[in-house]
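Structural characterization, general
Chain by chain, the residues:
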Amino acid sequence: MLFVLTVSTVNVNGLRAAAKKGFVEWLAATKADVVACQEVRATAEQLPAGVVDPDGWFAAHAPSAAKGRNGVAVYSRVEPDAVRVGFGEPEFEDSGRYLEVHLPKVVVASLYLPSGDVGTERQDEKERFMAAFLPYLVELRAKAAADGREVVVVGDWNIAYDNADLKNWRGNRKNSGFLPEEREWLGRVYTEAGYADVQRRLDPDGPGPYTWWSYRGQAFDNDSGWRIDCQLATPGLAEKVVSVVVERAAAYDQRWSDHAPVTATYDI
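First things first, this report covers the structure right here in the doc. (Residues numbered from 1 in each chain as written. Predicted model: local features only at pLDDT ≥ 70, side-chain atom pairs only at ≥ 80, totals over all residues. Heavy atoms only, no water.)

Some details on the nonpolar core
To be explicit about the condition: Nine residue types can take part in a nonpolar core, namely buried Ala, Val, Leu, Ile, Met, Phe, Trp, Tyr and Cys, and a core is a set of them joined through side-chain atoms within 4.5 Å. The rule is simple: take the accessible area with a 1.4 Å probe, protein chains only, and divide by the maximum for that residue type; under 20% is buried, over 50% is exposed, in between is partly exposed. Contact criterion: two residues are considered in contact whenever any of their non-hydrogen atoms come within 4.5 Å of each other.
Residues V108, V152, V198 and Y266 are the most contacted members of the largest nonpolar core, which totals 32 residues. In this structure V198 touches Q231, A233, A238, V241, V244, A264 and Y266, once residues within four positions along its chain are discounted. In this structure, M130, Y136, L186 and L232 belong to the second largest nonpolar core, which totals 27 residues.

Observations concerning a negative patch on the surface
Selection criterion: Nonpolar side chains (Val, Leu, Ile, Met, Phe, Trp, Tyr) are joined into patches within 5 Å and like charges within 9 Å, using only residues with over 30% relative accessible area and no salt bridge. To be clear on the numbers: accessible area is Shrake-Rupley with a 1.4 Å probe, and residue cover counts the displayed protein chains and nothing else. Here a salt bridge means any side-chain nitrogen of Lys or Arg lying within 4 Å of a carboxyl oxygen belonging to Asp or Glu. In summary, the charge assignment counts Lys and Arg as positive and Asp and Glu as negative, without counting His or the chain termini. Every charge is mapped to an atom, namely NZ of Lys, CZ of Arg, CG of Asp or CD of Glu. Secondary structure is summarised from DSSP: a helix means a run of H or I of at least four residues, a strand means a run of E of at least two, and numbering begins at the N terminus for each.
Where like charges cluster on the molecular surface, the negative patch consists of D124, E127, E181 and E184. At the level of secondary structure, the elements contributing two or more residues to the negative patch comprise helix 4 (121-146) and helix 5 (180-191). One can find E184 in helix 5.

Digging into the pairing of strand 10 (residues 229-233)
Stated precisely, the cut-off is as follows: The pairing criterion is simple: DSSP has to find at least two bridges between the two strands.
Counting buried positions along strand 10 gives 5 out of 5 residues, so the element sits mostly inside the fold. The side-chain alternation of strand 10 yields two buried faces, one formed by D229, Q231 and A233 and the other by C230 and L232. Bridging between strand 8 (residues 150-156) and strand 10 involves 5 bridges; their strand directions are antiparallel. Across the sheet, D156 pairs through a bridge with D229, a residue of strand 10. In this sheet, strand 10 lies alongside strand 9 (residues 196-197) in antiparallel orientation, the contact comprising 2 bridges.

Notes on the packing of helix 4 against helix 5
Just so we agree on the cut-off: Axes here mean lines fitted to C-alpha atoms, for a helix over just the part in contact, with angles spanning 0 to 180 degrees between N-to-C directions. For classification, angles of less than 35 degrees are called roughly parallel, those exceeding 145 degrees roughly antiparallel, those between 65 and 115 degrees roughly perpendicular, and all remaining angles oblique. A clockwise turn of the near helix away from the far one marks a right-handed crossing, whereas an anticlockwise turn of less than a right angle marks a left-handed crossing. Classes in brief: Ala, Val, Leu, Ile, Met, Phe, Trp, Tyr, Cys and Pro nonpolar; Asp, Glu, Lys and Arg charged; the others, Gly included, polar.
Helix 5 packs onto helix 4 with a crossing angle of 15 degrees between their chain directions and a minimal axis gap of 10 Å. Relative to helix 5, helix 4 is oriented roughly parallel. By crossing handedness, the relation of helix 4 to helix 5 is classed as left-handed. The segment helix 4 lies against helix 5, with Q123, K126, E127, M130, A131, F133, L134 and L137 engaging E181, E182, W185, R188 and V189. Looking at the contact of helix 4 with helix 5 residue by residue, the class counts come to 7 nonpolar, 1 polar and 5 charged.

Focus on the pattern of salt bridges
Enumeration over the complete set of coordinates arrives at 13 salt bridges. Between D81 and R149 there is a salt bridge, and its shortest N-O distance comes to 2.5 Å. Placement of the pair is D81 in the loop between strand 4 (72-76) and strand 5 (82-85) and R149 in the loop between helix 4 and strand 8, with a sequence separation of 68 residues. Under the relative-accessibility criterion, D81 is labelled exposed at 52%. A salt bridge links D223 to R248; the shortest N-O distance between them is 3.7 Å. Separated by 25 residues along the polypeptide, D223 in the loop between helix 6 (198-202) and strand 10 and R248 in the loop between strand 11 (241-246) and strand 12 (262-267) bring together distant segments of the chain.

Description of the packing of aromatic side chains
Defined as follows: Stacked, tilted and edge-to-face are the three classes assigned to paired rings of Phe, Tyr and Trp, where Trp is represented by its six-membered ring and a pair needs centres within 6.5 Å; plane angles under 30 degrees give stacked, over 60 edge-to-face, the rest tilted. In this analysis the charged atom, NZ for Lys or CZ for Arg, is taken to sit over a ring once it is within 6 Å of the ring centre and within 35 degrees of the ring normal.
Applying the stated criterion across every chain yields a total of 22 aromatic pairs. Ring geometry for F87 versus F129: centroids 5.1 Å apart, planes at 75 degrees, classification edge-to-face. One end of the pair, F87, is in the loop between strand 5 and strand 6 (98-102); the other, F129, is in helix 4, and 42 residues separate them in sequence. Here the aromatic cluster, defined as three or more aromatic residues joined through ring pairs, consists of F87, F92, Y98, F129, F133, Y136, W157 and W185. A cation over a ring is seen here: R248 above W213, with NZ or CZ 5.1 Å from the ring centre.

Examining the sheet that holds strand 4
In spatial order, the strands read 3-4-2-1-12-11; together these 6 strands make up an open sheet with mixed pairing. Single-partner strands in this sheet number two, and they are strand 3 (58-62) and strand 11. Adjacent strand axes in the sheet meet at a mean angle of 15 degrees when their direction is disregarded. Alignment of strand 1 (residues 4-11) against strand 2 (residues 34-38), held across 5 bridges, turns out to be parallel. Bridge pairing in strand 2 places N11 opposite Q38.

Pasting the structure below:
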């Protein structure tokens, strides 16, 4: 039986703040079947009731043990068969960076991959996360296939893979998020783990569409952004994508995050 699945992902840049600026209205209006959020930066107790457990949704939350940091969540229209927090690496189990829900035909995971800063512990942490996460992606794909499910890992990957994925690529070649070793790692997600970037399946050349713009300067108005919020799917699901839309705000003052939702529809 064929059915349509729409998945949306967005880094909310603090869900308490986003809820006051337009996230609640956006969630009420979206046609998505699954919504994944990153950088929630709050526990369930700190969030309004209509955000923790909104009407019409089953909500799963994975806050960080570090107060006010990270945090991921997934809202789904149907109740998941199972929910998993973390991917088995002790350092990151309670870091609020990974959550997956098992739905009838697909596993949807919300990922907030660490951002780095060259020459600092933050970059070291990012590299440790990547090293541990790649083999898990391989394992996840195999286990899901054995269970009759496809996989889509959505979220803020904090890596721009190609020149087409950021406006100022020349000026960022030595900066975290566009380092050669980070891009090489993401390439291994495509080759070794076998996932596909569904945006590039429909729009192989770019540029963009960008999903994050700095609050500094005129980045948003000039569309000087990065495409770091992505949906990476197993081949069987990726080949069924029919649309991917970056829901960029119409104007700077209409934004409720420095990221835009990325919404993909699949004919499963």
